[in-house]
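# Summary of the model geometry
Chain by chain, the residues:
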Amino acid sequence: MKILGIESSCDECSIAVVEDGKTILSHVVATQIEFHKPFAGVVPEIASRKHVEWILPVFHQALEQGGLSPGDIQGIGVTNRPGLSGSLIVGLTFAKALSLSWKVPFVGVDHVLAHLYAPQLSAEIDYPFIGLLVSGGHSIIARVSGPLTVEVLGASIDDAIGEAFDKVAKHLGLGYPGGKVIDDLARKGNAKAFQFPFANLYKSGHAYDVSYSGLKNAVINQQDLFWDGESPRSIENICASFERVAVDTLLKKLQAACRDTGINRVVAGGGVAANSYLRDRLQGMQDIRAYYPPLDLCTDNGAMIAGLAFHYLTAGLRSGLDETVYAKVPG
Ligand code: KG4
Ligand code: ZN
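Each residue is numbered by its place in its chain's sequence as written, counting from 1. Each chain gets a letter, beginning with A, and each ligand a number, beginning with 1, in the order they are written. With pLDDT at 70 or above as the cut-off, local features in this predicted model cover only qualifying residues; side-chain atom pairs require 80 or more to be listed or tallied, and sums for whole chains, interfaces and linings still use all residues.

### Describing the pairing of strand β6 (residues 129–134)
Our working rule: Any residue whose C-beta has 12 or fewer other C-beta atoms within 10 Å is treated as exposed, any with 20 or more as buried, and any in between as partly exposed, C-beta atoms being built from the backbone. Runs of E in the DSSP output that reach at least two residues are strands. Runs of H or I that reach at least four are helices, and both are numbered from the N terminus. Between any two strands, pairing holds if DSSP finds at least two bridges.
Buried residues dominate β6, accounting for six of its six residues. Because side chains alternate across β6, one face comprises the buried residues F129, G131 and L133, and the other comprises I130, L132 and V134, equally buried. As judged from the six bridges shared by β6 and strand β7 (residues 139–146), these two strands associate in the antiparallel manner. Across the sheet, residue L133 finds its bridge partner in β7, namely I140. Adjacent in sequence and paired antiparallel, β6 and β7 are bridged by four residues. Direction of pairing for β6 relative to strand β9 (residues 265–269): parallel, over a ladder of four bridges. When the bridges of β9 are listed, L133 appears paired with G269.

### Describing the sheet that holds strand β2 (residues 12–19)
Operational definition: Inter-axis angles, ranging from 0 to 180 degrees, are taken between N-to-C directions of lines fitted to C-alpha atoms, where helices are fitted over the stretch in contact.
Taking strand neighbours across the sheet as the criterion, the five strands line up as β3-β2-β1-β4-β5 in an open arrangement whose pairing is mixed. The open sheet has two free edges, formed respectively by β3 (23–31) and β5 (106–110), since each of these has just one partner strand. Strand after strand, the sheet turns through a mean of 20° between neighbouring axes, direction not considered. With five bridges joining them, strand β4 (residues 75–81) and β5 adopt parallel strand pairing.

### Describing the site of ligand 1
So the rule is basically this: In this analysis, residues qualify as near a molecule or strand once their C-beta atom, positioned from backbone atoms, comes within 6 Å of it. Domain start and stop points were drawn from an automatic or database domain assignment.
Neighbouring residues of ligand 1: 19 residues in total, closest G136, G162, G179, G271 and T299. Broken down by secondary-structure element, the contributors of at least two residues to the shell around ligand 1 are α5 (161–171) and α6 (179–186). Residues lining the shell around ligand 1 come from more than one domain, with at least three contributed by each of domain 1 (2–116 + 298–314) and domain 2 (127–292).

### Things to note about the UniProt feature "binding site: Fe cation" (unreviewed entry) in the protein chain
Where we set the bar: UniProt positions are given in the numbering used here, feature names are shortened, and annotations may be inferred rather than shown by experiment. Any two residues are considered in contact once their C-beta atoms, placed from the backbone, lie within 7 Å.
What UniProt calls "binding site: Fe cation" (unreviewed entry) maps, in this numbering, to H111, H115 and D300. A maximum C-alpha distance of 8.7 Å places the annotated residues, which cover 190 residues in sequence, within one compact spot. Within the element layout of this structure, H111 appears in helix α4 (residues 111–117). If we skip the residues at most four places from it in the chain, H111 touches S9, T79, R81, P82 and G83. Residue H115 is classed as buried on the basis of its C-beta count, with 31 C-beta atoms lying within 10 Å. Residues within four places of H115 in sequence aside, it is in contact with L133, G269, G270 and M304.

Shown next as structure tokens:
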């Protein structure tokens, strides 16, 4: 079953065709980063306007790349939650139009579940596993028991981890998005030069939650209080010290989730999963096997939407023409 997947929840306009939830036949991702860079963040109005301009050419390119014609497609998946409403509406409306004219079913797909499904497109990973979704919009630790069976165990109670990287980078004048720049600078720094604070979320109900606004503000308002007084107050040292706390905060919660559930497989996804310190630390975790999808499947993409839509559609799930978008996942 060949499924066309459409992703337009943020600043990536992407369409892919995936067969039987596994084999990527075509995959086109058009990123808008250049248009948002001057604003050091995604501007919703620009994002939805770019999706309107780009979605048709991206669609044609996706069919062409796979040597496919409309008659080959048996179903459509489209991200309809969570994300920027104006951007989601572009993809959803496009999916409805295709579904009507091709007379094939379409289904609205949860973007977070799709990120947690993405690794299955590049490897055979047994369920259950602990999913770690870390991006500009999410910091989620979940127990994933099947493509459609995901239990969120914990999340950030304020800023997402990628958002913290981007805001710290903005403050340090390192441009947008800042995660990769901080990662590169941190490699040359001393991660113990600054003692930035760990958020201490251990109260009941927060066992697997994280928080990044305190860390972000500590770095931005960095004072002698956090400095060891000897290491240079260099950007490399600030980046390395920030990155250590940001990643180790996550790992403590991840280790607790693995220990408490007895699951020793971890699958990381989202843009921050590209972070080299995070990858090193995950590889070094005792008794835990870590998997990451390749980078183009870590960041927002249509292939993960098409892949997961296969499971929705084969489970009998369908959307109607009254389907709508949700900025946040309901419930
Ligand atoms: O998944 P993604 O492409 O988009 C969404 O936010 O949905 O993730 C983008 C985020 C940005 O915050 C970016 O700074 C961060 O991923 N990022 C990184 C690295 N590469 C990208 N953060 C830390 N280290 C990296 N190497
Ligand atoms: Zn995403």
